[in-house]
Amino acid sequence: MAKPVATAHFPDISHYTDPASIDFHAVANGGVPLVITKASQGSHYTDPTYAGFAQRIRSVPLILGAYCYLNVAPEGPQVAHFIDVAHLQKGDLQPVIDAEEAGLGKDETFAAMEDLEGRGFSPILYASRSFFTDVLGSPTKWWLWMAAYRATLPTLPVGVRLFAWQHADAASCPGIAHPVDMSYLYVPVADLKTKFCIV
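About the thresholds
Residues numbered from 1 in each chain as written. Predicted model: local features only at pLDDT ≥ 70, side-chain atom pairs only at ≥ 80, totals over all residues. Heavy atoms only, no water. Helix = DSSP H or I, 4+ residues; strand = E, 2+ residues; numbered from the N terminus. Rg over C-alpha atoms; globule rule 2.2 N^0.38 Å. Buried < 20%, exposed > 50% of the residue type's maximum accessible area, 1.4 Å probe, protein only. Contact = heavy atoms within 4.5 Å. Areas by Shrake-Rupley, 256 points an atom, 1.4 Å probe, with all protein chains shown as cover. Lys, Arg positive; Asp, Glu negative; His and termini not counted. Charge placed at Lys NZ, Arg CZ, Asp CG, Glu CD. Phe/Tyr/Trp six-rings, centres within 6.5 Å; stacked < 30°, edge-to-face > 60°. Lys NZ or Arg CZ within 6 Å of the ring centre and 35° of its normal. Pairing = 2+ DSSP bridges.

The next subject is the overall build of the protein chain. Helices and strands together make up the secondary structure of the protein chain, namely six helices and nine strands. The globule rule puts the C-alpha radius of gyration for 199 residues at 16 Å, and the 16 Å found for the protein chain is close to it. Each of the 199 residues in the protein chain was classed as buried or not, and the buried ones make up 53%. When contacts within the protein chain are restricted to residue pairs at least 6 apart in sequence, long-range pairs at least 24 apart make up 63% of them. Split by element, the accessible area of the protein chain, about 8900 Å² in all, is 54% carbon and sulfur. Charged side chains of the protein chain number 13 positive and 19 negative; the gap between the two group centres comes to 8 Å.

Structure below.
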């Protein structure tokens with residue numbers, strides 16, 4: 001079976017990214033369709049750059065994505081906190097659950113995804129390839145944003161729906177002065193607003 005073909009490139013950012021280093025107009029003009037930014041972690045932490053980044057991203061022709069960094073703790077309060085912080089709107093990317101913390105397991109990861117589904121969302125799952133296959137069992141229910149820092153796209157089990165591949169944690173992006181996390185998008189850009197955003 002032929003490997004998926006990337007359709008675009010996009011960054012993800014957080015408090016580790018200097019807000020002054022980003023010109024979101026230049027990002028949009030560089031052919032980037034979306035920017036995903038950290039909104040929360042656990043049940044209490046709010047990324048201090050999220051509100052400012054969200055406002056700036058929404059003000060230009062970019063799609064805003066927001067993610068919840070999942071801690072090893074009950075998922076309900078974490079998802080509730082994320083919803084309170086993210087203030088997701090029509091036109092934003094569906095919410096992302098970031099499942100990467102050491103010790104995280106299948107039950108709490110699936111519970112967080114299902115919690116968001118119960119709130120009417122169609123969440124996207126972010127995970128490393130090894131965590132996705134070895135711990136989660138390669139679920140095909142949700143779109144996957146896979147982290148794997150390597151030169152070529154890893155092979156995934158049949159049926160996995162690949163949304164994006166985060167291939168680098170220090171790459172260049174149009175409009176951003178310093179290296180950032182970068183991912184290849186594997187769904188048609190034209191489908192983002194109709195199939196992957198909140199309507």
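Moving on, we get to the packing of aromatic side chains. Summed over all chains, the structure comprises seven aromatic pairs. Taking the centre distance of 5.0 Å and the plane angle of 75° together, the rings of tryptophan 143 and phenylalanine 196 count as edge-to-face. On the criterion of sequence distance, the pair formed by tryptophan 143 in strand β7 (residues 143–147) and phenylalanine 196 in helix α6 (residues 192–196) is long-range, its members being 53 residues apart. With relative accessibility at 26%, the residue tryptophan 143 sits in the partly exposed group. In textbook terms, an aromatic cluster arises when at least three aromatic residues are bridged by ring pairs, as seen for Phe10, Tyr126 and Trp145. Between lysine 38 and the ring centre of tyrosine 69, over which it is positioned, the NZ or CZ distance is 5.0 Å.

Glancing now at the pairing of strand β2 (residues 34–41). Within β2, seven of the eight residues are buried, leaving the element largely enclosed by the surrounding structure. Judged from the two bridges that link them, strand β1 (residues 8–13) and β2 form a sheet pairing that is parallel. Looking at β2, one finds that isoleucine 13 is bridged to threonine 37. Direction of pairing for β2 relative to strand β4 (residues 63–69): parallel, over a ladder of seven bridges. Looking at the pairing, lysine 38 lines up with tyrosine 67 of β4. Of the pairings in the sheet, the one linking β2 to strand β3 (residues 45–46) comprises two bridges and is antiparallel in character. The partner of glutamine 41 across the bridge, within β3, is tyrosine 45. The antiparallel pairing of β2 with β3 creates a hairpin that spans three residues between the two strands, and glycine 42 there sits at a positive phi of about 65°.

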